[in-house]
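Topology and contacts: notes
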Amino acid sequence: MAATIKDIARETGLGYATISAYLNGANVRPKNRELIEAAVKKLGYVRNEYARGLKTHRSMTVGVLIPELSNTFSTTIISAMEDELRGRGYGILVCDCRSDSAIEQKSLQFLQSKMVDGVIVMPMSTDGKIFDSLAETTPAVAIDRFTLSERVSHVLINNREISVQAVHQLIAGGHRRIALISGARGLYTADERRKGYEEAMRIAECYDASLIYTGNFTVDGGYLAMKEIIQSGRDVTAVFVTNYEMTVGAIIAINEMGRKIPEDYSFIGFDNHDLSKVITPKLATVNQPLREIGREAAVLLLKQMAGGEKRDIILPAALELGESIRVI
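What this report covers is the structure whose coordinates are included nearby. Note that the structure is a prediction, hence the values are computed from the model and not measured.

Scanning the protein chain from N- to C-terminus turns up 13 helices and twelve strands. Taking 328 residues into account, the globule formula puts the C-alpha radius of gyration at 20 Å, and the protein chain, at 25 Å, lies well above it. Judged by the C-alpha coordinates and their principal axes, the protein chain covers about 85 × 40 × 30 Å. Relative to its full complement of 328 residues, the protein chain shows a buried share of 48%. Considering only contacts in the protein chain between residues 6 or more positions apart, those separated by 24 or more positions represent 67%. The protein chain carries 39 positive and 40 negative side-chain charges, and their two centres are separated by 6 Å.

Given below as structure tokens:
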């Protein structure tokens, strides 16, 4: 049978008020704190957060909604969020919407029905109305992608600027026929990274829309796009791939078809995740500050739950030069 406050009172000889104050984070006399902590340990007392939530109107739970739980980007960010939130006494409830906007809406409703204190979401939709409705009752922070909601905070990276830098690096190596493997149009991160590519290529007066390939941010998509580039026989000398999964897929295609980096294709990928440690030559990559994104989102949400105002944060990604760019 689970221990109760009554059992702690019997063990310590202290009143319910003192024990309750300690359990709810208030200051109590050091001697009383020692007695209570010893009793909690001895009796194996576990606080009933559900009952506490009914009294305080706080569940001490944060909802996290992402498009795909299976990718490293999501799991790394969630791990950093959880570390930050756990230190403040919060647990997390994770939902995966399978990159489906309809499931996303149902998942948001599910999280609200569970009385989460706040939500961190990697949105599929930019629809401001959906997230305005959420934010009316539940503080919310969007990560990685922008929404049109004026009530939701955002934690993003400088997608467009870092993509300009990456493509400029290839151009500086003498490349003009640079292919882009991008995510689907209409997705914020894909659109911003494509715009950065287009800007850099137009500045160099070598923009060609036919060199843009769609890989849908998946390993299979990156593989098929890179295979198409190779089989087309076009005079492409460099490739910029705009997420981790597509980077892996593109490299698989290059290896399968007997091509080499950088002899056949100079290459810049996205997100290192230790990929450069197992691939020769070491890849040039755009690296996002994944753990920082998770921490910033958690801290921002905690501030909003405490009454803070909506805020947008742009974090800088970094271009790490490896050995995958050949000067021509």
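Don't stop here, the text continues.
Turning to the packing of helix H10 (residues 219-232) against helix H11 (residues 244-256), a few remarks are in order. Where H10 meets H11, the axes come as close as 6 Å, and the angle between the chain directions of the two elements is 45 degrees. In terms of orientation, H10 and H11 fall into the oblique class. The interaxial crossing formed by H10 with H11 has right-handed handedness. Across the interface between the two elements, Val219, Gly222, Tyr223, Met226, Lys227 and Ile230 from H10 touch Glu245, Met246, Val248, Gly249, Ala250, Ile252, Ala253, Ile254 and Glu256 from H11. Considering only residue class, the contact of H10 with H11 consists of ten nonpolar, two polar and three charged.

With that settled, consider H11. Each α-helix winds once per 3.6 residues, and so residues spaced three or four apart point in a common direction. Across its 13 residues, H11 extends 19 Å between first and last C-alpha, which sits within 8% of the 18 Å expected from 1.5 Å per residue. Listed as buried for H11 are Tyr244, Glu245, Met246, Thr247, Gly249, Ala250, Ile251, Ala253 and Ile254. Phi turns positive one or two residues past the end of H11, at Gly258, with a value near 70 degrees.

Sheet strands pair via backbone hydrogen bonds, and the direction of the pair is either parallel or antiparallel. Within the open sheet, the six strands sit side by side as E7-E6-E8-E9-E10-E12. Their pairing is mixed. On the outer flanks of this sheet lie strand E7 (212-214) and strand E12 (318-320), each paired with one strand and no other. When the angles between neighbouring strand axes are averaged without regard to direction, this sheet yields 15 degrees. The sheet contact formed by strand E9 (residues 266-270) and strand E10 (residues 284-287) spans three bridges and is parallel. By the bridge assignment for E10, Ile268 is matched with Ala284. Most of the contacts of helix H9 (residues 188-203) go to strand E6 (residues 178-182), to which it runs at about 170 degrees, and overall it touches E6, E7 and E9.

Attention shifts here to the pattern of salt bridges. Following the criterion strictly, the structure yields 18 salt bridges and no others. For the salt bridge of Arg98 with Asp96, the shortest nitrogen-to-oxygen distance reads 3.1 Å. In this structure, the salt-bridge partner of Asp312 is Lys310, at a minimum N-O distance of 3.2 Å. The network of salt bridges with common partners includes Glu82, Asp83, Arg86 and Arg291.

Calculation rules
Residues numbered from 1 in each chain as written. Predicted model: local features only at pLDDT ≥ 70, side-chain atom pairs only at ≥ 80, totals over all residues. Heavy atoms only, no water. Helix = DSSP H or I, 4+ residues; strand = E, 2+ residues; numbered from the N terminus. Rg over C-alpha atoms; globule rule 2.2 N^0.38 Å. Buried < 20%, exposed > 50% of the residue type's maximum accessible area, 1.4 Å probe, protein only. Contact = heavy atoms within 4.5 Å. Lys, Arg positive; Asp, Glu negative; His and termini not counted. Charge placed at Lys NZ, Arg CZ, Asp CG, Glu CD. Axes fitted to C-alpha atoms, helices over the stretch in contact; angles between N-to-C directions. Parallel < 35°, antiparallel > 145°, perpendicular 65-115°, else oblique. Left-handed = near helix turned anticlockwise from the far one by under 90°. Nonpolar A, V, L, I, M, F, W, Y, C, P; charged D, E, K, R; others polar. Expected span 1.5 Å × (residues − 1). Pairing = 2+ DSSP bridges. Salt bridge = Lys/Arg side-chain N within 4 Å of Asp/Glu carboxyl O.

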